[in-house]
Amino acid sequence: MTKIESGIKTIPYNQEQVYNTLSDLNNLEAMKDKIPADKVQDLSFDSDTLSFSVSPVGNITLNVVEREPSKCIKFATVTSPMPFNLWVQLVPVTETECKMKLTVGLDVNPFMKGMIQKPLEEGLEKMATVLSMINYSN
């Protein structure tokens, strides 16, 4: 299993607020305008499932497979050219701040890993940055 991790992001909201927002994918509605339309198309979601299209990769559908309240949300691919898991991990810092890290786990051969590692790292880092800039106070 290859693991690719984002940098650790500090979020100026408490861990529970961030978890409650991210664990219900319906809350993505408020974030749609922050998602680059040139990178992500056909975005749709409900409370447990997220579907989108990324060129040149294709269609990807993620489903929440586990929620560990206030700490971790685990996703697995339902539809994807390459199956993978995504973990959103949250750790408290203070009453009003937490840290977040994104991790992707996938099984790929060394040749494929060499081709996808850098774009995947960059995409994961952008995703972590967007998630760290959201207003979680709603």
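One can find the structure itself at the top, above this paragraph.
Here the structure is a predicted model, which is why all the values come from computation and not from measurement. Counting of residues starts from 1 at the beginning of each chain's written sequence and follows it residue by residue. The model is predicted, so local features are restricted to residues of pLDDT at least 70 and side-chain atom pairs to those at 80 or more, both for listing and for counting; the totals for chains, interfaces and linings are taken over all residues. Hydrogens and water molecules were not included; the side-chain quantities draw on all heavy atoms of the structure.

S.K.: Please set out the overall build of the protein residue by residue, giving values where relevant.
M.R.: Scanning the protein for helices and strands turns up two helices and eight strands. Counting from the N terminus, the helices are DSSP H or I runs at least four residues long and the strands are E runs at least two residues long. Written out in order from the N terminus, the α and β elements of the protein read β-β-α-β-β-β-β-β-β-α. Reported as C-alpha extents along the three principal axes, the dimensions of the protein are approximately 45 × 30 × 25 Å. Across the 138 residues in the protein, those meeting the buried criterion constitute 36%. Whether two residues are in contact is decided by their heavy atoms: any pair within 4.5 Å suffices. Within the protein, residue pairs in contact and separated by at least 24 positions form 46% of the contacts whose partners lie at least 6 positions apart. For the protein, the exposed area adds up to about 7,900 Å²; of that, 54% sits on carbon and sulfur atoms. If the 13 positive side-chain charges of the protein are averaged to one point and the 17 negative ones to another, these points end up 6 Å apart. When a residue's accessible area, from a 1.4 Å probe over protein chains only, is under 20% of the maximum for its type it is buried; when over 50% it is exposed; and in between it is partly exposed. All accessible areas in this document rest on Shrake-Rupley with a 1.4 Å probe, and a residue is counted as covered only by the protein chains that are shown. Charge assignment: positive for Lys and Arg, negative for Asp and Glu; neither His nor the chain ends contribute. Lys charges are placed at NZ, Arg charges at CZ, Asp charges at CG and Glu charges at CD.

S.K.: If you had to explain the side chain of Thr61 to someone new, which residues and values would you point to?
M.R.: Following the sequence through the fold, Thr61 ends up in strand β5 (residues 58-68). Polar contact is the term for a pair of N or O atoms within 3.5 Å; when the atoms are in protein, one must be able to donate a hydrogen and the other to accept it, and sequence-neighboring residues count only if both atoms are side-chain atoms. In this structure the side chain of Thr61 is engaged in a polar contact, spanning 3.1 Å, whose partner is the side chain of Ser51.

S.K.: Tell me about unusual backbone geometry, and please be specific about residues and values.
M.R.: With a phi angle near 55°, Asp42 is a residue other than glycine that sits in the positive phi range. By secondary structure assignment, the location of Asp42 is in strand β3 (residues 40-45). Residues other than glycine seldom take positive phi values, yet Ser70 does so here, at roughly 65°. Here Ser70 lies in the loop between β5 and β6 (72-79). On the basis of relative accessibility, which here comes to 17%, the residue Ser70 falls in the buried class.

S.K.: Any details on the pattern of salt bridges? Residues and values, ideally.
M.R.: The working definition used for a salt bridge is a side-chain nitrogen of Lys or Arg within 4 Å of a carboxyl oxygen of Asp or Glu. Scanning all chains against the criterion turns up five salt bridges. Of the charged contacts in the structure, one is a salt bridge between Lys74 and Glu66, with a shortest N-O distance of 3.7 Å. Glu66 gets classed as partly exposed once you look at its relative accessible area, which sits at 36%.

S.K.: So what's going on with the environment of Pro92? Which residues, and what values?
M.R.: With respect to the secondary-structure elements, Pro92 resides in strand β7 (residues 84-94). When its relative accessible area of 49% is taken as the criterion, Pro92 is described as partly exposed. Beyond its immediate sequence surroundings of up to four residues, Pro92 is in contact with Gln15, Glu97 and Cys98.

S.K.: Could you give an account of the pairing of strand β1 (residues 2-5), naming the residues involved and the relevant values?
M.R.: The two faces of the sheet receive side chains in turn, since in a regular strand these alternate between them. With burial as the criterion, only one face of β1 is covered, namely that bearing Thr2 and Ile4; the residues Lys3 and Glu5 on the opposite face remain uncovered. For two strands to pair, DSSP has to find at least two bridges joining them. The pairing of β1 with strand β8 (residues 97-106) spans four bridges and is classified as antiparallel. Note on β8: the bridge partner recorded for Lys3 is Gly105.

S.K.: Tell me about the pairing of strand β4 (residues 49-54), residues and numbers included.
M.R.: Pairing between β3 and β4: four bridges, direction antiparallel. Of the residues in β4, the one forming a bridge with Ser44 is Ser51. In sequence, β4 turns back onto β5 through a hairpin of three residues.

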